[in-house]
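These are the residues of each chain, in order.
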Amino acid sequence: MTHPSGPVAGSRPRAILRIHFHPAQRHDDLYEQLLAVLEGITPRIEPLPADWSAYVDLTGALKFWDRDVEGLVAVIRLRLLALHGVQSSAGAGSTRSIAAMAAAVTPPGAATLIGDTPYEVATFLRPRPTAALPGIGPKSARTLARYGITTIGDIADTQLATLQRILGTSTAREAQALARGIDERPVVPAAAPKSLGASYRFEHDELDPDRHHRTVLALVQDLGARLRDGGEIAQGLTLTVTYADRTQTTRTRSLTEATAHTPALAITARDLLSSLGLQRARVRALALRAERLRPAEHTTHQLTLDDHDDKLLRLEAALDRARARYGHGIAGTASAYRRHG
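What comes next is a walk through the structure.

The next point concerns the sheet that holds strand 2 (residues 45–48). Spatial ordering of the open sheet is given by 2-3-1-4-5, a layout of 5 strands whose pairing is mixed. Every other strand in the sheet has two partners, leaving strand 2 and strand 5 (111–113) as the edge strands with one partner each. Across the sheet, the axes of successive neighbouring strands diverge by a mean angle of 15 degrees, strand direction being ignored. Pairing geometry for strand 1 (residues 16–22) and strand 3 (residues 53–57), over 5 bridges, is antiparallel. Pairing of Ile19 across the sheet is with Ala54, part of strand 3. Strands strand 1, strand 4 (87–93) and strand 5 of the sheet are contacted by helix 3 (residues 69–84), whose axis makes an angle of about 160 degrees with strand 4. Across the face of the sheet, helix 4 (residues 96–104) comes into contact with strand 1, strand 2, strand 3, strand 4 and strand 5 while running at roughly 140 degrees to strand 4.

A few words on unusual backbone geometry. Most peptide bonds adopt trans geometry, and most residues besides glycine take a negative phi value. Of note in the backbone geometry, Arg246 takes a positive phi value of approximately 75 degrees without being a glycine. You can see Arg246 is positioned in the loop between strand 7 (232–243) and strand 8 (248–259). According to the relative accessible area criterion, Arg246 is exposed, its value standing at 55%. A positive phi is found at Arg292, a non-glycine position, where the angle reads about 50 degrees. Within the secondary structure layout, Arg292 lies in the loop between strand 9 (283–291) and strand 10 (294–295). The partly exposed category is assigned to Arg292, whose relative accessible area is 33%.

Our focus in this paragraph is the environment of Arg270. As for its placement among the helices and strands, Arg270 is situated in helix 11 (residues 262–276). Residue Arg270 is classed as buried on the basis of its relative accessible area of 15%. Each C-alpha atom of the pair Arg270 and Val220 lies 9.6 Å from the other, and the pair is 50 residues apart in sequence.

What follows covers the pattern of salt bridges. Two side chains with opposite charge may pair up if their charged atoms get near one another. Tallied over the full model, the rule gives 9 salt bridges. A salt bridge links Asp57 to Arg44, with the shortest nitrogen-to-oxygen separation between them at 3.8 Å. Taken together, the residues Asp57 in strand 3 and Arg44 in the loop between helix 1 (28–39) and strand 2 connect sequence positions 13 residues apart. Close ionic contact of Asp157 with Arg126 constitutes a salt bridge, the shortest N to O distance being 2.7 Å. Pair noted here: Asp157 is in helix 7 (residues 152–157) and Arg126 is in the loop between helix 5 (118–125) and helix 6 (138–145), with a separation of 31 residues, a long-range link.

Calculation rules
- Residues numbered from 1 in each chain as written.
- Predicted model: local features only at pLDDT ≥ 70, side-chain atom pairs only at ≥ 80, totals over all residues.
- Heavy atoms only, no water.
- Pairing = 2+ DSSP bridges.
- Helix = DSSP H or I, 4+ residues; strand = E, 2+ residues; numbered from the N terminus.
- Axes fitted to C-alpha atoms, helices over the stretch in contact; angles between N-to-C directions.
- Contact = heavy atoms within 4.5 Å.
- Buried < 20%, exposed > 50% of the residue type's maximum accessible area, 1.4 Å probe, protein only.
- Salt bridge = Lys/Arg side-chain N within 4 Å of Asp/Glu carboxyl O.

Structure representation (structure tokens):
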């Protein structure tokens, strides 16, 4: 059974774009330049620097540019390539969630556009696996599968009371609305918050959880050192995992206190990695970003400053001095900061 979906009757259909940038090399200045290309089309842009993407509300721009969604998306992608040599992938639809799902199945250099009629929305959504729906992670998808709910269409058709018993009240309501193509969340224009990133690409798809762990700790050490060198502190961390099939999972977590200290950053980074459950995952690359940076003088605390933390901070200071004198790579690995319970 197909449920009505898409825009409310009588309302103007929205045109939402989720676009991912695929540069050969990533740096913050380039990301801002790519956003500027989008701003030349419409000011309604919501940057997502953690995974080098953005939401764009094209609804008002279509009339201004006298183009349909396909034509305007083509203009955007051509400008990105012509001005900066950057390939992009894009998904467009009548809601944020449809645009995001369309973008997730689109390879670099292509675009997937989902029409706004109930039939087009249902045709795209219903056959997709439950894990493709925003808010349904692998664990929830496995739980749903035990009840025979394996596709987004199944979520749309299941009695809400049944879904609530499986997923909880709020998650079930949101999942069923998204499964039926209902998503009123707007694109929220904002300046790109300042961030700092580090990434590592494995030579071969990596299955070893210990290698994942060591790599994330090494990225933490790199970020912590660069934050302290720049006199900045981070308010959050984002971990992005790229798998063998080029799909990605991103998790973001706010820090208890803004910091540039590697031990505190490592605690949150390890929690992010553990939350992903990568025990059997084939990982192609790992990327870690320090989010919402601000000047270090705004910090109010440095860890808990108990005896153990005090030792870690002294070790960190010694490693910073060694790195300043001898260069990067002389100070060992981030595993030196491993905190024991």
